[in-house]
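# Results of the structural survey
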Amino acid sequence: MTADQLPLNHSGKILEILPSPLKINLMELGFLPGKYLTLHHKAPSGGPLAFQMDETLLALRSKEAALIRIELI
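Report on the accompanying structure. (Residues numbered from 1 in each chain as written. Predicted model: local features only at pLDDT ≥ 70, side-chain atom pairs only at ≥ 80, totals over all residues. Heavy atoms only, no water.)

### Some words on the pattern of salt bridges
Note the following rule: Any Lys or Arg side-chain nitrogen located within 4 Å of an Asp or Glu carboxyl oxygen qualifies as a salt bridge. A run of H or I in DSSP becomes a helix once it reaches four residues, and a run of E becomes a strand once it reaches two; helices and strands are each numbered from the N terminus. Accessible area is worked out with a 1.4 Å probe on protein chains only. A residue is then buried under 20% of its type maximum, exposed over 50%, and partly exposed in between.
Summed over the entire model, instances satisfying the criterion amount to 3 salt bridges. Salt-bridge contacts for Arg69 lead to Glu16; the nearest nitrogen and oxygen are separated by 2.7 Å. Taken together, the residues Arg69 in strand S5 (residues 68-72) and Glu16 in strand S1 (residues 11-17) connect sequence positions 53 residues apart. Using a relative accessible area of 30% as the deciding quantity, one classes Glu16 as partly exposed. Its salt-bridge partner being Asp54, residue Lys35 comes within 2.6 Å of it at the nearest N-O pair. A residue pair is termed long-range when its members are at least 10 positions apart, and Lys35 in the loop between helix H1 (23-28) and strand S2 (36-42) and Asp54 in the loop between strand S3 (49-53) and strand S4 (56-60) qualify at 19 residues. Classification of Lys35 as partly exposed rests on a relative accessible area of 26%.

Here's what the structure looks like:
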């Protein structure tokens, strides 16, 4: 499953960031394997997704979140 498929208010553990030119950028933002994230907000019509990771709330586009492979917890 990828982060864009995470149900609202559910959490997942990051397994990997899929190969992409954005991989380094996502990792620099803190999306690292082993970290936990929770989907807090989902904008309508495929808009941005807001993820809570540690004490930080980060917004990603759906296609960026699709690069983060997670395990539902």
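There is more to say after this.
### Some remarks on the pairing of S3
This is how it is decided: Any two strands between which DSSP finds at least two bridges are classified as paired.
Counting buried positions along S3 gives 4 out of 5 residues, so the element sits mostly inside the fold. Two strands pair when backbone bridges link them, and S2 and S3 are joined in this way by 4 bridges, in the antiparallel orientation. Following the sheet pairing, Lys42 is matched in S3 by Leu49. Taken together, S2 and the strand that follows it, S3, pair antiparallel across an intervening segment of 6 residues, in which Ser45 is found at a positive phi of about 60°. Strand direction decides the pairing type here: S3 and S4, joined by 5 bridges, are antiparallel. Across the sheet, Phe51 pairs through a bridge with Leu58, a residue of S4.

### Quick notes on the nonpolar core
Selection criterion: The definition of a nonpolar core used throughout is a set of buried Ala, Val, Leu, Ile, Met, Phe, Trp, Tyr and Cys residues joined through side-chain atoms within 4.5 Å.
Of all hydrophobic cores here, the largest spans 17 residues; its most connected members are Ile14, Leu26, Phe31, Phe51, Leu60 and Ile68. Elements supplying a minimum of two residues to this core: S1, S2, S3, S4 and S5. In terms of residues, this core owes the most to one element, S3, which gives 3 residues.

### Observations regarding the side chain of Thr38
Structurally, the position occupied by Thr38 is in strand S2. Owing to a relative accessible area of 19%, Thr38 belongs among the buried residues under this scheme.

### Description of the side chain of Thr2
Test applied: Whenever a nitrogen or oxygen atom comes within 3.5 Å of another N or O atom, the pair is scored as a polar contact, on the condition that within protein one atom can donate a hydrogen and the other can accept it, and that pairs from neighbouring residues in sequence are kept only if both atoms are in side chains.
The topology assignment puts Thr2 in the segment before S1. A distance of 2.3 Å separates the side chain of Thr2 from the side chain of Asp4, its partner in a polar contact.

### A closer look at the sheet that holds S5
The following threshold applies: Note on geometry: axes are C-alpha line fits, over the in-contact stretch for helices, and angles between N-to-C directions span 0 to 180 degrees.
Read from one edge to the other, the open sheet built from 5 strands follows the order S4-S3-S2-S1-S5, with strand pairing classed as antiparallel. Strands with a single pairing partner mark the edges of an open sheet, and in this sheet they are S4 and S5. Taking the axes of each pair of neighbouring strands and ignoring which way they run, one obtains an average angle of 40° across the sheet.

Such coordinate-based values are descriptive only and should not be taken to indicate function.
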